[in-house]
Amino acid sequence: MAAIPATPHQTTLPAGLDLGSGPLALLRAARTFSDPLGAMIDLYRKHGDTYSITINGGAMLVFTRPEHIHAVLVEHADSFYKDADYTDPNQGLARFVGQGLITSDGALWKRQRKLVAPALHARRIMAYAETMTDYTDALLTDWQSGAKLDIAQEMMTLTIRIVAKSLFDVDMSGELAQPIFEAMRELQDMQGAINILPTWIPTPAELRRRKAIRAMDKLIYRIIEERQAGGADTGDLLSMLVAARDENGEPMDKRQIRDEAVTLFLAGHETTANALNWTWVLLSQNPEIEAKLHEEIDRVLAGRLPTLADLEHLPYTERVIKESMRLYPPVWSVGRVAIKDVQIGDYLISKDMRVAINTYIPHHSPEFWDEPERFDPERFSPERESSIPRYAYLPFGGGPRVCIGNHFAMMEAKLILATIASRYTLRLAPGQKVGMAARITINPDGGLPMTVQAR
Ligand code: HEM
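Residues numbered from 1 in each chain as written. Predicted model: local features only at pLDDT ≥ 70, side-chain atom pairs only at ≥ 80, totals over all residues. Heavy atoms only, no water.

Caption draft 1: The pattern of salt bridges, seen in detail. As enumerated under the stated definition, the model contains 34 salt bridges in all. E295 is the partner of R299 in a salt bridge, and the nearest nitrogen-oxygen pair spans 2.9 Å. Taken together, the residues span about one helical turn, with R299 and E295 both in helix α13 (residues 287-301) at a distance of 4 residues. The class of R299 is exposed, set by a relative accessible area of 54%. (Salt bridge = Lys/Arg side-chain N within 4 Å of Asp/Glu carboxyl O. Helix = DSSP H or I, 4+ residues; strand = E, 2+ residues; numbered from the N terminus. Buried < 20%, exposed > 50% of the residue type's maximum accessible area, 1.4 Å probe, protein only.)

Caption draft 2: How the structure looks around helix α6 (residues 106-116). Among the residues of α6, those classed as buried are W109, Q112, R113 and V116. For α6, the arc enclosing every buried residue in end-on projection is 105°, short of the 170-degree limit, so these residues lie on one face. What points out from α6, more than 90 degrees from its buried face, is the exposed set A107, K110 and K114. In this structure, the buried residues of α6 make contact with α11 (237-243) and α12 (254-285). (Arc of directions from axis to C-beta. Contact = heavy atoms within 4.5 Å.)

Caption draft 3: Inspection of the sheet that holds strand β4 (residues 80-82) at higher detail. Strand order in the open sheet made by the 6 strands is β1-β2-β3-β9-β6-β4, with mixed pairing throughout. Each having just a single partner strand, β1 (16-18) and β4 make up the two edges of the open sheet. The mean inter-strand angle of the sheet, taken between neighbouring strand axes irrespective of direction, is 25°. For strand β3 (residues 58-63) and strand β9 (residues 354-358), the ladder comprises 4 bridges, and the chain directions are parallel. Paired with M60 across the two strands is R354, which belongs to β9. (Pairing = 2+ DSSP bridges. Axes fitted to C-alpha atoms, helices over the stretch in contact; angles between N-to-C directions.)

Caption draft 4: Up close: the side chain of Q256. Along the chain, Q256 falls in helix α12. Q256 sits in the buried class, given a relative accessible area of 9%. Non-local contacts of Q256, meaning those with residues more than four positions away in its chain, are made with Q99, L108, R111 and Q112.

Caption draft 5: Expanded view of the coordination of the iron atom of the ligand. Counting protein donors to the iron atom of the ligand gives just one, C403 (SG), placed at 2.3 Å. On the secondary structure map, C403 appears in the loop between α16 (382-385) and α17 (406-421). (Donors = N, O, S within 2.8 Å, 3.2 Å for Na, K, Ca; no water.)

Caption draft 6: Summary view of the sheet that holds strand β5 (residues 148-150). Read from one edge to the other, the open sheet built from 3 strands follows the order β5-β13-β10, with strand pairing classed as antiparallel. Lying at the two open borders of the sheet, with one neighbouring strand each, are β5 and β10 (424-427). Neighbour-to-neighbour, the strand axes of the sheet open up by a mean angle of 40°, direction not taken into account. As paired elements, β5 and strand β13 (residues 449-454) share 3 bridges and run antiparallel to each other. Within the sheet, the bridge partner assigned to L149 lies in β13 and is M450.

Caption draft 7: Summary view of the environment of S34. Its location among the elements puts S34 in the loop between α1 (23-32) and α2 (36-47). For the pair S34 and R439, spaced 405 residues apart in the sequence, the C-alpha separation amounts to 9.8 Å. Looking at S34, its side chain comes within polar contact range of the main-chain oxygen of R31, at 3.2 Å. (Polar contact = N/O pair within 3.5 Å; in protein donor to acceptor, adjacent residues only side chain to side chain.)

Caption draft 8: Focus on the site of the ligand. Around the ligand, the surrounding shell holds 27 residues, and the nearest of these are Y86, W109, R113, R336 and C403. Y86 places a side-chain nitrogen or oxygen 2.6 Å from an oxygen atom of the ligand. In the environment of the ligand, an oxygen atom lies 2.9 Å from a nitrogen or oxygen atom belonging to the side chain of R401. The set of elements that each furnish at least two residues to the shell around the ligand consists of α6, α12, β6 (333-338) and α17. At 5 residues, α12 tops the list of elements feeding residues into the shell around the ligand. Class assignment for the residues of the shell around the ligand results in 18 nonpolar, 5 polar and 4 charged. (Near = heavy atom within 4 Å. Nonpolar A, V, L, I, M, F, W, Y, C, P; charged D, E, K, R; others polar.)

Caption draft 9: Main features of the nonpolar core. W143, I151, W280 and I349 are the most contacted members of the largest nonpolar core, which totals 144 residues. If we skip the residues at most four places from it in the chain, I151 touches W143, N277, W280, L426, L448, M450 and V452. (Core = buried A, V, L, I, M, F, W, Y, C linked by side-chain atoms within 4.5 Å.)

Below, the structure written as structure tokens:
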């Protein structure tokens, strides 16, 4: 988490955590937020559903109630920009992804969102269904019944290959994807830590980061240059970015294309991989739900690979994924900074104040869910789904900055789940616990060893 800027605030803050000031405050923050999600849940239990975190006189407000979430993301969306966790060029996401869609604001974001949206439109992504099942099918040719595999690694490799092929028409098999994985790992490490030292100090972590970014850039620039040299419009996202011209007829510079490409690699694989990881964990822990899923998949597919047309006949598969993302929202917190004074509920947020929206807490609140810790996909049956309060469930965020890849992600998760579950069951060892490591996304702590058993 990047440091909270010291901004004066004129509002009456809700109770919360005051980390004090000076260099010790940063150390205190590092200790408290070594498990950021755990710390946020503790603060919620202690202080209620809106609380503050103050450091060096600057305050951040954390919102967990649906009406506040709606006010920040939708109603007053234009009063907020992305916060320093995204935009800090040294220690935010921007360090790796530059000024792509996730990290940009204002006019640049508007222009880029318009440019990228057609490639991820619900109609356009139908063309990617075959890539999704073909790559999953190819992954399974390397699986052997009874083998113990790191499923987190398998899902990550699969989803990055799918996003690379669908959006950039690049086959990222084997070693080619390595620089991207390395860079993503470094990014996760950086985001998991409070970085106290400036980046010009060449600590081992800093040197590793620089090397990882250089290696990733070399690969991405090569892909872009090959496409520019080829000149052919292959109809994928990269072609669209290369062919795009602004109102003066100027093409996007190579750096901007690189930033969008890295953004989509990042946003488009780890999130979906984690949605699937937790789905495998939950299915292994809940055999009766797994049996229902198998019944649907076997009945509809009868052993063949799923197609786009099958998806409407796999409603339970969809419910399983939605419920898995309720219990383990891949993106558990989104941050903003106010660009003007704005009233959110009882709180006056002054310009430059940071706010965080925690989605994990409403997803687990007994106020909105019966037996919230129970894995119950039927919560998303049509009759029950319509009674879920608005913004109590938001795995893809909301408002103008809602996930641009949400249709892509849902289609991908359903196709992967149906393809794998029709052929394998994935099992945790008896008594195996899977901890949560929350960084940008909620990962299974230390990987996800599971035994794959042919059905
Ligand atoms: C299960 C999978 C996914 C989840 C849970 C997820 C979640 C989210 C969330 C919560 C946001 C909003 C962040 C904010 O408001 O600060 C977001 C934004 C975004 N997502 Fe996803 N995402 C997923 C998959 C994808 C995929 C597959 C892609 C691309 C192929 C993608 C691309 C993006 C981009 C570019 C943004 C920024 C949009 C903008 O600010 O205009 N995501 N995602």
